[in-house]
Amino acid sequence: MISAQLPDNESARLKALRELDVLDSLEEQAYDDLTAIAAQIAGVPIALVSLIDKDRQWFKSHHGLAARETPRDYAFCAHAILGDQPFVIEDARNDERFHDNPLTTGAPDVVFYAGVPLSLDGEHKLGTLCVIDHEPKQLSAQQLASLQALARQVEYLLKLRQQLKWMRDFDSVRTEFVAMVSHELRSPLTSVCGALALLVSGKIDGLSGEAKSLVEMANRNSDLLLRLVNDILDLTKMETGYLTLMRQSMPVRDLCPRALTTAQSLADKFGVTLKLVVAEAAEPAMVHVDEHRIQQVLGNLLANAIKHAPENSTVTLELERVSGRVRFSVHNTGPGIPEDKQGLLFRKFQQIESLGNARLPGTGLGLVISKQLVELHGGEIGFRSVPNEVTTFYFTLPLSQT
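So, a few notes on the structure that sits alongside this text. (Residues numbered from 1 in each chain as written. Predicted model: local features only at pLDDT ≥ 70, side-chain atom pairs only at ≥ 80, totals over all residues. Heavy atoms only, no water.)

**As for the overall build of the protein**
As a reminder of what qualifies: Numbered from the N terminus, helices here are DSSP runs of H or I no shorter than four residues, and strands are runs of E no shorter than two. Burial classes follow relative accessibility: with a 1.4 Å probe on protein chains only, a residue under 20% of its type's maximum area counts as buried, one over 50% as exposed, and anything between as partly exposed. Residues count as neighbours in contact if any of their non-hydrogen atoms are within 4.5 Å of one another. The accessible surface values rely on the Shrake-Rupley method and a 1.4 Å probe; as for residues, cover is taken only from the protein chains in view.
Along the protein, the regular secondary structure elements total 10 helices and 13 strands. Burial statistics for the protein: of 402 residues in total, 44% are counted as buried. Sequence-distant contacts in the protein: of pairs separated by 6 or more residues, those separated by 24 or more amount to 68%. Split by element, the accessible area of the protein, about 20800 Å² in all, is 52% carbon and sulfur.

Printed below as a string of structure tokens:
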């Protein structure tokens, strides 16, 4: 028996293999389907997806063979990965490299072998898609071409695994980075906002008119920056599945007055009247929600409506019961949303230019966050807008089953 030499790039090859995080992973139907097809095409009892580790060959898929691995020194695949073309042994008993190989002289009785090298980049051969028989055999050119086509599909599955791993790693790093940055920014920003708000309140004397104007501008911008940091952190938590909802059953009628109370100071600032309309059928309804998060959604919708509503107009919050759900609707008059801009809503960092942006600049994330929060609660969100008439943003929540 002659064991295969190590590839010239063995260290880099092993690194590429281990970065896939595929060794010792669970069996997957997609790989098993390909080895089953390979065995049928070649007319053999055994087909494998074999990956060559440092001291072993490990089978991601093992059609017709119970073993999951064998020593690398015995592996026909260790020879196959030394080249670019299919490696075919028609009768291992007549080949000095394999005639006394334990895999030939004993189970699984490898006499015929054909392996197509697997690579993600054309340089590092990670293993093979191979077929095995217990007796001598020849493959036709068509059979060999079909095995090569199947090997490309195995490579595609491995590349997909690689890309998904990169995405998971990126998401993990991104989450940690955003959380760190947000925390490091949020603490000093909160202090700055508090100090500026105190100066703006007039409780501290001695500011000139010009200085007060500059402090008010700084206060607005620091508040916007703090909201942006909070929004980015919320959005990152939702996108990575780390946002935990603290849900409890509560009367839906309790949500609306609290939201209006919170929005009242903004409405007063812009000369807008707030109105609540509750349908009789919605009065006794119960919902199972994270109250803080639903208040966040209502706050976003009310703030948007207020800042886009004309002075001396009314913003109405309506609560209805519709088909086993409750629906919250926020109506306002005003310029509305042009039809050619409506597709931009619910996209990150998108804002429709209007009077409202000058009144109260936003982060461009409020609607995106609201949409995800509503959907996490099993609801839906949408809007209707007739320019220069009425714009309505609405969302639904399922009724509580308890």
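Moving on, there is more to tell.
**What about the sheet that holds strand β13 (residues 390-398)?**
Sheets are built from strands that pair by backbone hydrogen bonding, the pairs being arranged parallel or antiparallel. Short version of the rule: Any two strands are treated as partners once DSSP identifies two or more bridges connecting them. Here the axes come from fitting lines to C-alpha atoms, over the contacting stretch only for helices, and the angles between their N-to-C directions go from 0 to 180 degrees.
If you trace the five strands from one edge of the open sheet to the other, you get β8-β10-β11-β13-β12, paired in mixed fashion. The strands lining the two open edges of the sheet, one partner per strand, are β8 (273-278) and β12 (380-385). Averaged over all pairs of adjacent strands, the angle between their axes in this sheet comes to 15 degrees, without regard to strand direction. As judged from the six bridges shared by β8 and strand β10 (residues 314-322), these two strands associate in the parallel manner.

**Quick look at the packing of helix α8 (residues 291-308) against helix α10 (residues 366-376)**
As a reminder, the rule being used: By convention, the crossing between two helices is left-handed when the near helix turns anticlockwise from the far helix through less than a right angle, and right-handed when the turn is clockwise. Only Asp, Glu, Lys and Arg are considered charged in this grouping, and only Ala, Val, Leu, Ile, Met, Phe, Trp, Tyr, Cys and Pro are considered nonpolar; every other residue, Gly among them, is considered polar.
It is the contact of α8 with α10, at a shortest axis distance of 9 Å, that shows an interaxial angle of 145 degrees. Remark: the crossing between α8 and α10 carries left-handed chirality. Note on element contacts: α10 touches α8 through Gly366, Leu367, Ile369, Ser370, Leu373 and Val374, opposite Arg293, Gln296, Val297, Asn300, Leu301 and Asn304. Class assignment for the residues of the contact of α8 with α10 results in six nonpolar, five polar and one charged.

**Describing the environment of Ala38**
With respect to the helices and strands, the residue Ala38 is situated in helix α2 (residues 29-42). Excluding residues within four positions of it along the chain, Ala38 makes contact with Ala47, Leu129, Val131, Leu147 and Leu150.

**Here we look at α10**
When we look at burial in α10, the residues that qualify are Gly366, Leu367, Val368, Ile369, Ser370, Leu373 and Val374. Immediately beyond the C-terminal end of α10, within one or two residues, lies Gly378, with a positive phi of roughly 80 degrees.

**A look at the sheet that holds strand β3 (residues 69-71)**
On the basis of which strands lie adjacent, the open sheet formed by six strands has the order β3-β2-β1-β6-β5-β4 and antiparallel pairing. Either end of the sheet is taken by a strand with one partner, and the two such strands are β3 and β4 (87-89). Strand after strand, the sheet turns through a mean of 25 degrees between neighbouring axes, direction not considered. By the bridge criterion, eight bridges tie strand β5 (residues 112-119) to strand β6 (residues 125-133) in an arrangement that is antiparallel. Along β6, the bridge assignment pairs Leu118 with Gly127. The sheet contacts of α2 involve β1 (46-52), β2 (56-63) and β6, and relative to β2 the element is tilted by about 80 degrees.

**Side note on the pattern of salt bridges**
Stated precisely, the cut-off is as follows: Definition used for salt bridges: Asp or Glu carboxyl oxygen within 4 Å of a side-chain nitrogen of Lys or Arg.
Under the counting rule described, the total for this entry stands at 16 salt bridges. Of the charged contacts in the structure, one is a salt bridge between Arg18 and Asp53, with a shortest N-O distance of 3.2 Å. You can see Arg18 sitting in helix α1 (residues 10-19) and its partner Asp53 sitting in the loop between β1 and β2, a full 35 residues away along the chain. Judged by relative accessible area, Asp53 falls into the buried class, the value being 8%. In this structure, Glu69 and Arg56 form a salt bridge, with 2.7 Å as the shortest nitrogen-oxygen distance. Residue Glu69 is located in strand β3, and its partner Arg56 is located in strand β2; the two are separated by 13 residues in the primary sequence. Glu69 sits in the partly exposed class, given a relative accessible area of 40%.

**What to know about the nonpolar core**
Our working definition: The criterion is simple. A nonpolar core is a set of buried Ala, Val, Leu, Ile, Met, Phe, Trp, Tyr and Cys residues joined through side-chain atoms within 4.5 Å.
Counting residues in hydrophobic clusters, the biggest one holds 48 residues, and the most contacted among them are Ile306, Val315, Val326, Phe328 and Phe395. Put simply, the parts of the chain that give this core at least two residues each are α6 (209-239), α7 (255-269), β9 (286-289), α8, β10, β11 (325-333), α10 and β13. For Val315, the residues in contact, after removing those within four places along its chain, are Val272, Thr273, Leu274, Lys275, Leu302, Ala305, Ile306, Ala309, Val330, His331 and Asn332. Formed by 29 residues, the second largest nonpolar core is a distinct cluster that contains Val44, Leu118, Leu129 and Val131.

**Some details on a nonpolar patch on the surface**
Operational definition: Note that patches include only residues with greater than 30% relative accessible area and no salt bridge, and the join distances are 9 Å for like charges and 5 Å for nonpolar side chains (Val, Leu, Ile, Met, Phe, Trp, Tyr).
Taken together, the side chains of Tyr156, Leu160, Leu164 and Met167 define a hydrophobic patch exposed on the protein surface, amounting to about 390 Å² of accessible area. If you trace the backbone, Met167 turns up in helix α5 (residues 141-200).

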